[in-house]
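Results of the structural survey
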Amino acid sequence: MKEITNRQKEVLDFISSFIKENGFPPTVREIGLHFGISLRAVQDHIAALQKKGFLSQSQKRARSISVIDGTPRKDEVACIKVPLLGAIVPGKALLSKENIDRYITLPEPLLKTGKSFFALRVNGMSMKNAGILEGDTAIVEINEAATDGQIVVASVDGAITIRRFYKESNGVRLQPENPDFKPILSSDIKIVGVLSSILRAY
């Protein structure tokens, strides 16, 4: 779809809000009265929005304006597609197509602007005391660095794990949040991301 002018967006937003509130679209006259513009100006805006793929209208009946699905409205939340990892293929880059199971769509406010993310399903209960349970979906900010206490996703001997990060004098300690599990101590740990949020289906 082509870009629209500020006035066209205002007209589009008004039509969308009117339909949402009333269950039917406004007339050309109602649009004109709302904005204090002529019927000809309203018709020009509608024609431009139709041409750009944002509206459809039947000339044979009144109140026939409809908003085409996918039209951005000021009350809509933008969404971003994030790769959801499946089984990790040894020797492949973490976000290679071989490792991506599918993409999930997340609302933009859930993610930090200007950052890149991936998602993975949590296996096991090593982080249960941090509120991270098996079957949860972890949303992870791609980052190769972490500070003490952050929950990270790390690669250890080719396996992916979620633990709390601590820097030690002789390497890194990945601390579980479950006394049934032991910490991982190693100087050969690769941080691939920092936990951003957890999604859980009930």
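The structure reproduced in this document is the subject of the present report. (Residues numbered from 1 in each chain as written. Predicted model: local features only at pLDDT ≥ 70, side-chain atom pairs only at ≥ 80, totals over all residues. Heavy atoms only, no water.)

**Some remarks on helix α2 (residues 28-35)**
Every buried residue belonging to α2 is among Val-28, Ile-31, Gly-32 and Phe-35, and all of these are buried. One side of α2 holds all its buried residues, which, seen down the axis, span an arc of 100°. For α2, exposure combined with an orientation more than 90 degrees from the buried face picks out Arg-29 and Leu-33. Looking at the buried positions of α2, the neighbouring elements they touch are α1 (6-22) and α3 (39-51). Looking one or two residues past α2, Gly-36 carries a phi angle of roughly 70°, positive in sign. (Buried < 20%, exposed > 50% of the residue type's maximum accessible area, 1.4 Å probe, protein only. Helix = DSSP H or I, 4+ residues; strand = E, 2+ residues; numbered from the N terminus. Arc of directions from axis to C-beta. Contact = heavy atoms within 4.5 Å.)

**Observations regarding the environment of Ala-130**
Its place among the elements puts Ala-130 in the loop between β5 (117-121) and β6 (137-142). Spatially, the C-alpha atoms of Ala-130 and Arg-163 are 9.8 Å apart, while their sequence positions differ by 33 residues. Not counting residues within four places of it along the chain, the set of residues in contact with Ala-130 comprises Ile-151, Arg-164 and Glu-177.

**Thoughts on the packing of α1 against α2**
Following both chains from N to C, one finds α1 and α2 inclined at 120°, their axes separated by 11 Å at the closest point. Judged by the angle between their axes, α1 and α2 are oblique. Classified by chirality, the crossing of α2 by α1 is right-handed. Counted together, Arg-7, Glu-10, Val-11, Phe-14, Ile-15 and Phe-18 of α1 and Glu-30, Ile-31, His-34 and Phe-35 of α2 form the full contact between these two elements. (Axes fitted to C-alpha atoms, helices over the stretch in contact; angles between N-to-C directions. Parallel < 35°, antiparallel > 145°, perpendicular 65-115°, else oblique. Left-handed = near helix turned anticlockwise from the far one by under 90°.)

**Observations concerning the layout of surface pockets**
Approximately 370 Å³ is the volume found for the largest pocket. What lines the largest pocket is a set of 19 residues, among which Leu-120, Arg-121, Val-122, Asn-123 and Ile-160 lie closest to the centre. At the level of elements, β5 and β8 (159-168) are the ones that each hand at least two residues to the lining of the largest pocket. The dominant element in the lining of the largest pocket, judged by the number of residues it contributes, is β8, at 5 residues. Residue composition of the lining of the largest pocket, grouped by class: 11 nonpolar, 6 polar and 2 charged. (1 Å grid on protein atoms, 1.4 Å probe; cavity = no way out; pocket = protein on both sides within 12 Å on 5 of 7 lines; lining within 4 Å. Points joined across faces, edges and corners; volume = space filled by probe spheres on them. Nonpolar A, V, L, I, M, F, W, Y, C, P; charged D, E, K, R; others polar.)

**Some details on the environment of Leu-55**
Considering the arrangement of structural elements, one finds Leu-55 in strand β1 (residues 55-56). Here Leu-55 falls in the buried class, since its relative accessible area comes to 3%. Expressed as a C-alpha distance, the spacing of Leu-55 and Ser-66, which sit 11 residues apart in the sequence, is 5.7 Å. Not counting chain neighbours up to four residues away, the residues in contact with Leu-55 comprise Leu-12, Ile-15, Ile-46, Leu-49, Gln-50, Ile-65, Ser-66, Val-67 and Ile-68.

**Quick notes on the sheet that holds strand β9 (residues 171-175)**
Strand order in this open sheet of 9 strands is β4-β3-β5-β6-β11-β7-β8-β9-β10, and the pairing throughout is mixed. Of all the strands in the sheet, just β4 (100-107) and β10 (184-186) have a single pairing partner and so form its edges. For this sheet the average axis-to-axis angle between neighbouring strands, irrespective of direction, equals 40°. Pairing of strand β3 (residues 79-85) with β5, which is carried by 2 bridges, proceeds in the parallel orientation. Bridge assignment links Leu-84 to a residue of β5, and that residue is Ala-119. (Pairing = 2+ DSSP bridges.)

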